[in-house]
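# Analysis of the macromolecular model
What follows is the residue order along each chain.
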Amino acid sequence: MSHQVQEEGRGVGRQGVALVLVLVAALLLVVAAQFITDNLGGDDPVSVATTTRTSTTLFAATTEPPGTVATTTAPTTSTTSTTVVRPPNVIPAGTVGRPWGSVKGLTMFRGNPTRTWYGTGPIPQEEPAVDWRYPETGGLCGDSSVGGETTTWCGSGWTGQPVVWERPDGVTEVIFGAYDKSIHFLDAETGERTREPFLTGDIIKGSVTLDPDGYPILYSGSRDGEFHVIALDRDVPEELWSLPATVVDGIWNDDFDGNAVIIDDILYEGGENGWFFAIRLNRGTDSDGKVVVDPEILDTFPGYTQEMVTELGNNQSIENSVAVFGQTVYFANSGGRVVGMDVSDVSSGETEVVFDYWVGDDVDASIVIDRDGMLYVSVEEERKNERSAEVGQLVKLDPSKPDDPRVWGVRVPGKGGDDGGLWATPALGDGVLYAATHPGDLMAVDTETGEELWSDELGWHAWSSPVLVGDTLVVATCTGALQAYDITEPTQPEPLWTAQVSESCIESTPAVWKGRMYVGSRDGGFYAIAPGRSASPGSTPSS
Ligand SMILES: [Ca+2]
Ligand SMILES: [Ca+2]
Ligand SMILES: [Ca+2]
Ligand SMILES: [Ca+2]
């Protein structure tokens with residue numbers, strides 16, 4: 001079945017288009033690379049350098065929300081502009097640590113394809129307080145069944161990072177999926193609904209992706225067996241298309257927890273069925289100016305091998321969020337296989353495994369990629385096999401040495417009855433990686449040597465990914481707090497404040513936007529935290 005799917009993208013016309021794109025890319029590569037080298041740093045967005053797309057109005061007549069105009073500029077002669085340009089379909093080193101796309105916002109889990117941008121500051125320097133809770137009382141709860149056992153889940157969990165973006169009409173909107181099976185849309189200032197919730201068929205664990213190129217489209221997985229593509233330019237959010245996990249003959253289950261990346265109309269996503277997908281969205285507008293897609297599955301690929309299934313069993317799900325550098329898409333699966341796929345020819349349906357490494361145990365955190373293209377892989381302790389003990393739980397890999405890529409590995413043992421390892425995705429600082437561990441420590445690790453420079457206790461079960469903006473690091477804890485650190489001296493973080501948000505565990509990753517923070521808790525609520533208007537902690541749900 002997979003082969004039929006793979007064939008769909010291989011039209012002659014498509015190859016012609018691909019050839020033109022490759023030529024354009026080659027022409028722009030040198031100029032763009034130089035430009036990027038000259039313009040590192042800052043919060044400025046990254047634009048694609050292309051002669052085929054300029055200042056395009058994506059939809060004209062609109063109702064709610066007002067139209068988004070995406071402009072793609074290619075300032076190839078200016079050296080004073082701070083916009084970074086890049087060749088199409090390529091993620092250059094200069095994109096690391098920067099926002100992604102033309103939309104002003106945090107549009108995806110960890111902000112960009114290398115999973116290294118966490119929002120726009122500042123982060124409050126003094127203890128903030130809960131500004132609003134959604135809903136005001138009660139919780140966002142839903143029942144979900146696995147293997148005949150039904151559990152009630154409340155709030156939002158792992159990874160659960162919200163999208164925050166500045167709409168063209170001036171409203172800053174927060175968007176997140178929750179355990180009540182719905183995607184919620186809120187006014188960041190007030191916590192009021194901006195749109196009707198979008199209901200899926202099961203709980204949502206992952207993070208949503210807002211189209212980074214200005215199309216009014218949202219992308220979300222769910223436990224319901226579908227990956228959803230949702231239009232935001234209708235009266236209510238409306239599904240345009242969905243990818244069923246059953247499109248391939250997968251193993252394990254049909255959930256989608258991983259967060260999708262969209263690069264120049266191609267969406268990359270991994271599923272808990274164990275497969276990786278590359279989908280050309282063919283985004284556009286209809287005659288009424290409404291956004292449409294006409295998706296085409298370019299490639300499907302099983303993240304597992306038969307050998308892995310024989311050795312480790314069927315749990316070969318992909319729950320981590322794909323990361324991209326250059327023209328290689330990286331993902332890892334529950335068997336501990338770290339895969340790099342060359343997608344330079346994905347438009348013609350051709351991908352190739354160019355990196356393949358086994359860390360031994362489940363990888364659910366996202367791979368983080370630095371400017372040298374080095375991979376930081378966070379491994380859980382579930383299988384606890386020899387390989388995992390040997391490789392370590394926080395591992396740096398050098399893809400330029402595919403035969404022996406391990407640069408270093410840090411052991412993260414269990415403690416106090418908890419397993420070791422990491423579920424959270426580390427934050428990449430200046431020569432330092434900040435990682436929250438399952439046993440409950442926040443570690444600062446030297447990216448060159450793997451030396452553990454510093455650590456602090458967060459409690460236990462730290463699944464929320466640390467967020468780094470400017471010289472401030474903030475991390476949510478399973479005791480329901482946000483903890484901030486001053487990292488002016490990156491190797492020696494200094495505690496700044498601890499703000500109690502909720503009485504339940506926070507597993508979701510916070511989003512930071514201009515002095516405010518947004519995060520969901522397992523108590524059922526979703527919170528905005530801001531410089532203190534009141535000193536009172538979050539209201540406790542009434543039920
Ligand atoms: Ca399911
Ligand atoms: Ca899952
Ligand atoms: Ca897993
Ligand atoms: Ca796991």
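Look above for the structure.
Reading the values: rules and limits
Residues numbered from 1 in each chain as written. Chains lettered and ligands numbered in written order. Predicted model: local features only at pLDDT ≥ 70, side-chain atom pairs only at ≥ 80, totals over all residues. Heavy atoms only, no water. Donors = N, O, S within 2.8 Å, 3.2 Å for Na, K, Ca; no water. Tetrahedral: all angles 85-135°; square planar, octahedral: opposite > 155°, others 65-115°. Helix = DSSP H or I, 4+ residues; strand = E, 2+ residues; numbered from the N terminus. Buried < 20%, exposed > 50% of the residue type's maximum accessible area, 1.4 Å probe, protein only. Disulfide = S-S within 2.5 Å. Pairing = 2+ DSSP bridges. Polar contact = N/O pair within 3.5 Å; in protein donor to acceptor, adjacent residues only side chain to side chain. Contact = heavy atoms within 4.5 Å.

## Here's the deal with the coordination of the calcium ion (ligand 3)
The protein atoms that coordinate the calcium ion (ligand 3) are Glu-319 (OE), Ser-334 (OG), Asp-362 (OD), Asp-362 (OD), Asp-364 (OD) and Asp-364 (OD), at distances of 2.1 to 2.9 Å. The site at the calcium ion (ligand 3) holds 6 donor atoms, and with the angles between them running 48 to 169°, its shape is irregular. Donor residues binding the calcium ion (ligand 3) come from one chain and are separated in sequence as E-x14-S-x27-D-x1-D. Taken as an interatomic distance, the gap from the calcium ion (ligand 3) to the calcium ion (ligand 4) is 3.5 Å; Asp-362 donates to each of them. Placement of the pair is Ser-334 in the loop between strand 25 (328-332) and strand 26 (337-342) and Asp-364 in the loop between strand 27 (352-358) and strand 28 (368-369), with a sequence separation of 30 residues. Asp-364 matches Ser-334 in its accessibility class, with the two residues each being buried.

## Notes on the state of the cysteines
Under the defined criterion, the tally for this structure stands at 2 disulfides. Covalent S-S linkage joins Cys-141 and Cys-154, the inter-sulfur distance amounting to 1.9 Å. Residues Cys-141 and Cys-154 share a disulfide whose torsion about the S-S bond is about 110°; that sign makes it right-handed. Taken as a pair, Cys-141 in strand 8 (residues 141-146) and Cys-154 in strand 9 (residues 149-154) lie far apart in primary sequence, 13 residues in all. A disulfide bridge connects Cys-478 with Cys-505, and the sulfur atoms are separated by 2.0 Å. Classification of the bridge connecting Cys-478 and Cys-505 rests on its S-S torsion, roughly -115°, and on that basis the disulfide is left-handed. Of this pair, Cys-478 sits in the loop between strand 37 (472-476) and strand 38 (481-486) while Cys-505 sits in the loop between strand 39 (494-500) and strand 40 (511-513); the two residues are 27 residues apart in sequence, bridging distant segments of the chain. Like Cys-505, Cys-478 is buried.

## Brief notes about the pairing of strand 29 (residues 375-378)
With burial as the criterion, each face of strand 29 is covered, one bearing Leu-375 and Val-377 and the other bearing Tyr-376 and Ser-378. Remark: 5 residues form the turn of the hairpin made by strand 28 and strand 29, two consecutive strands paired antiparallel; Gly-373 in that turn has positive phi of roughly 80°. Here strand 29 runs beside strand 30 (residues 394-397); their pairing, made up of 4 bridges, is antiparallel. Looking at strand 30, one finds that Leu-375 is bridged to Leu-397.

## Focus on the side chain of Ser-242
Assignment of secondary structure puts Ser-242 in strand 17 (residues 238-244). On the accessibility criterion, Ser-242 (17% relative accessible area) is buried. At a separation of 2.3 Å, a polar atom in the side chain of Ser-242 contacts the side chain of Glu-226. Here Ser-242 is in contact with Glu-226, Phe-227 and His-228, once residues within four sequence places are set aside.

## Some remarks on unusual backbone geometry
Glycine aside, a negative phi is what most residues show, and trans is what most peptide bonds show. With an omega dihedral of 0°, the bond running from Gly-121 to Pro-122 counts as a cis peptide bond. Mapped onto the elements, Pro-122 comes out in the loop between strand 6 (119-120) and strand 7 (128-134). A cis amide bond links Trp-158 with the next residue in sequence, Thr-159, at an omega value of 0°. Its identity is not glycine, yet Arg-110 carries a phi of approximately 60°, on the positive side. Tracing the backbone through its elements, the reader meets Arg-110 in the loop between strand 5 (105-106) and strand 6. On the basis of relative accessible area, Arg-110 is assigned to the buried category, the value being 0%. Residues other than glycine seldom take positive phi values, yet Arg-115 does so here, at roughly 60°. Take Arg-115: it is sitting in the loop between strand 5 and strand 6.

## Some details on the sheet that holds strand 12 (residues 182-187)
Pairing between sheet strands relies on hydrogen bonds along the backbone, with the strands arranged either parallel or antiparallel. Taken together, 5 strands build an open sheet; the order of strands is 5-10-11-12-13 and the sheet is antiparallel. Two strands lie at the open edges of the sheet, namely strand 5 and strand 13 (198-199), each paired on one side alone. The sheet contact formed by strand 10 (residues 163-166) and strand 11 (residues 172-177) spans 4 bridges and is antiparallel. By the bridge assignment, Val-163 is partnered in strand 11 with Ile-175.

Structural measurements only, silent on function.
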